[in-house]
Amino acid sequence: MNVQIEQPRRGPSLILLHSIPMFAGVPDSQLEQIAKVAFHRRVARQTVIVRAGDSTDSLYVLISGSAKVLNSDDEGREVILTLLGPGEFFGEMGLIDGSPRSADVMATETCELLVITKNDFKRCLTENFDLCLNIMKSLVQRLREADRNIESLALMDVYGRVAKLLLDFSENERGARVIKRRLTKQDIAKMIGASREMVSRVMKDLENRGYFKVEDGRIVILEKRIPTAPGGQFPASAAATEAS
Ligand code: CMP
């Protein structure tokens with residue numbers, strides 16, 4: 001489904017641009033140039049904003065809402081590479097190396113986006129070192145995350161991967177680790193390369209052992225460190241659950 005529920009309108013405010021990490025340190029004179037060329041776009045949930053293989057035309061900044069970056073095979077099986085939230089950008093890879101889009105980016109709820117076209121983005125980059133640096137930092141961060149994911153896929157069992165993902169997605173809230181964003185078992189399964197049924201079993205086991213509780217639909221982690229077990233192996237009871 002590809003539904004755009006509002007026509008593009010021009011002109012983000014400087015206040016909005018200041019709140020976006022990608023523009024941190026960029027002087028007002030440059031932000032004013034960006035404000036002139038960027039435009040807002042609102043998309044409905046499940047809109048595919050960027051499609052893998054398409055030629056690249058724009059960079060997107062997520063102002064509100066959330067999106068997932070995913071790849072799928074011919075049989076429709078999906079792997080979720082990451083989830084994106086407010087303040088994060090996407091679509092830079094194709095703009096930087098000129099290759100087709102590397103993945104689909106789909107809105108998981110209604111999204112307000114800021115769109116900058118390829119030529120405008122390249123001009124902004126050549127004129128602003130802080131912007132280049134911010135983008136490089138984000139790319140490095142994404143590479144680190146990808147490295148950690150490869151490591152957990154290679155070295156951890158499903159139990160460890162679920163535990164790691166819950167910790168990675170948890171945020172500090174008044175001293176407690178809470179997962180604020182909506183995270184379905186299906187999404188978790190697609191992020192860690194396991195079946196939804198397996199993820200359900202492991203999560204039930206973790207919950208029964210008191211490592212987290214669900215409060216108002218949100219996961220609250222009760223232990224500072226959910227044990228992924230030495231070497232990332234299944235603890236005995238989870239292994240038994242898997243075998244059953
Ligand atoms: P692009 O290749 O132009 O289009 C798809 C976008 O998804 C890509 O740019 C990135 O912005 C984003 N993307 C692809 N892989 C990842 C990843 N591993 N982590 C975060 N974002 C990604």
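Residue indices begin from 1 for each chain and proceed along its sequence in written order. For a predicted model such as this one, the threshold for reporting local features is a pLDDT of at least 70, and the threshold for listing and counting side-chain atom pairs is 80 or more; totals across whole chains, interfaces and linings nevertheless cover every residue. The side-chain figures draw on all heavy atoms in the structure; neither hydrogens nor water molecules are used.

Peer 1: Explain the sheet that holds strand β11 (residues 176–179) to me, using residue names and the numbers behind them.
Peer 2: Strand pairing in a sheet takes place through backbone hydrogen bonds and is either antiparallel or parallel in direction. When DSSP finds at least two bridges between two strands, those strands are taken to pair. Elements are defined by DSSP. Helices are runs of H or I of four residues or more, strands are runs of E of two residues or more, and each kind is numbered from the N terminus. One open sheet holds the four strands; their spatial order is β10-β11-β13-β12, and the pairing between them is antiparallel. The open sheet terminates on both sides in strands that have one partner only, identified here as β10 (171–173) and β12 (212–215). Mean inter-strand twist for the sheet, computed between neighbouring axes without regard to direction, equals 40 degrees. For β11 and strand β13 (residues 218–221), the ladder comprises three bridges, and the chain directions are antiparallel. Its bridge partner being in β13, arginine 177 is matched across the sheet by isoleucine 221. Packed on one face of the sheet, helix α6 (residues 158–169) meets β10, β11, β12 and β13 and runs near 100 degrees to β11. Axes here refer to lines fitted to C-alpha atoms; in helices the fit is confined to the stretch in contact. Angles between the N-to-C directions go from 0 to 180 degrees. Contacts are assigned to residue pairs with any non-hydrogen atoms lying within 4.5 Å of each other.

Peer 1: Summarise the site of the ligand; cite the residues concerned and give the values.
Peer 2: We define proximity as follows: a residue is near a molecule or strand when any one of its heavy atoms falls within 4 Å of that partner. Looking at the ligand, there are 15 residues lining it, with Gly91, Glu92, Gly94, Arg101 and Ser102 nearest. Distance and chemistry together define a polar contact, namely a pair of N or O atoms within 3.5 Å, with one atom able to donate a hydrogen and the other to accept it when in protein, and with adjacent residues in sequence counting only for side-chain atoms on both sides. At a separation of 3.4 Å, an oxygen atom of the ligand approaches a polar backbone atom of methionine 93. Between the ligand and serine 102 there is a distance of 2.7 Å, counted from an oxygen atom to a side-chain nitrogen or oxygen. Compared with its free state, where it exposes 460 Å², the ligand has 91% of that area covered by protein. Of the grid points, spaced at 1 Å and generated over the protein atoms alone, those admitting a 1.4 Å probe that cannot get out make up cavities, while open sets with protein on both sides within 12 Å along at least five of seven lines make up pockets; any residue with an atom within 4 Å of a point is treated as lining. For a molecule to be placed in a cavity or pocket, more than half of its atoms must lie within 2 Å of the grid points of that cavity or pocket. Mapping the ligand onto the cavity grids shows that it belongs to the largest pocket. In the shell around the ligand, the residues fall into seven nonpolar, five polar and three charged. Every accessible area reported is derived by Shrake-Rupley at a probe size of 1.4 Å, with residue values counting cover from the shown protein chains alone. Three classes are used, and their members are as follows: Ala, Val, Leu, Ile, Met, Phe, Trp, Tyr, Cys and Pro are nonpolar, Asp, Glu, Lys and Arg are charged, and the others, Gly among them, are polar.

Peer 1: Report on the side chain of histidine 40, specifying residues and quantitative values.
Peer 2: Mapped onto the secondary structure, histidine 40 falls in strand β2 (residues 39–43). There is a polar contact of 3.2 Å between the side chain of histidine 40 and the side chain of glutamate 112.

Peer 1: Hey, could you go over the environment of glutamate 109 for me, with residue numbers and the actual values?
Peer 2: Among the secondary structure elements, glutamate 109 is positioned in the loop between β8 (104–107) and β9 (111–117). With residues near it in sequence (within four places) discarded, glutamate 109 still touches Val43, Ala44, Arg45, Gly65 and Ser66. At 2.8 Å, the side chain of glutamate 109 and the side chain of serine 66 are in polar contact.

Peer 1: Quick one: what's the story with the pairing of β12, residue by residue and with numbers?
Peer 2: Sheet analysis places β12 next to β13, joined by four bridges and oriented antiparallel. The residue bridging lysine 213 from the neighbouring strand is valine 220, located in β13. Between β12 and β13, which follow one another and run antiparallel, lie two residues, and aspartate 216 among them has a positive phi close to 50 degrees.

Peer 1: Describe the layout of surface pockets, naming the residues involved and giving the relevant values.
Peer 2: Here the largest pocket is characterised by a volume of approximately 1,400 Å³. Together, 46 residues line the largest pocket, and Leu81, Thr82, Leu83, Arg142 and Glu145 are the ones closest to its centre. Elements with a contribution of two residues or more to the lining of the largest pocket: β5 (67–72), β6 (78–84), β7 (89–90), α3 (92–97), α5 (129–155), α6 and α7 (185–192). The greatest single-element share of the lining of the largest pocket, amounting to 14 residues, is contributed by α5. The residue inventory of the lining of the largest pocket, partitioned by class, reads 23 nonpolar, 12 polar and 11 charged. Grid points are joined across faces, edges and corners, and a volume is the space filled by probe spheres set on the points. One number sums up the size of the second largest pocket: a volume of about 380 Å³. Along its surface, the second largest pocket is lined by 19 residues, and Ser66, Thr108, Glu109, Arg182 and Asp187 are the ones closest to its centre. Looking at the lining of the second largest pocket, the elements with two or more residues in it are β5, β6 and β8. For the lining of the second largest pocket, a count of residues per class yields six nonpolar, six polar and seven charged.

Peer 1: With reference to specific residues and values, describe the nonpolar core.
Peer 2: Counting 27 residues, the largest nonpolar core has Val162 and Leu166 as the members making the most contacts within it. Those elements giving two or more residues to this core turn out to be β6, α6, α7, α8 (196–208) and β13. Residue contributions to this core peak at six residues, all from α6. Note on terminology: a nonpolar core comprises buried Ala, Val, Leu, Ile, Met, Phe, Trp, Tyr and Cys residues joined through side-chain atoms within 4.5 Å. The cut-offs for exposure are 20% and 50% of the maximum accessible area for each residue type, with area from a 1.4 Å probe on protein chains only; residues under the lower value are buried, those over the upper are exposed, and the others partly exposed. In this structure, Phe23, Val37, Leu114 and Cys124 belong to the second largest nonpolar core, which totals 23 residues.

Peer 1: Tell me about the sheet that holds β5, and name the residues and values.
Peer 2: Sheet architecture is open: four strands sit in the order β3-β8-β5-β6, paired in antiparallel fashion. The open sheet is flanked by β3 (48–50) and β6, the only strands paired with a single partner. Within the sheet, the average angular offset between the axes of one strand and its neighbour, ignoring direction, is 35 degrees. Where α7 meets the sheet, its contacts fall on β5 and β6, and the angle it forms with β6 comes to roughly 105 degrees.

Note that every value here comes from positions in space, so none of it alone points to a role or purpose.
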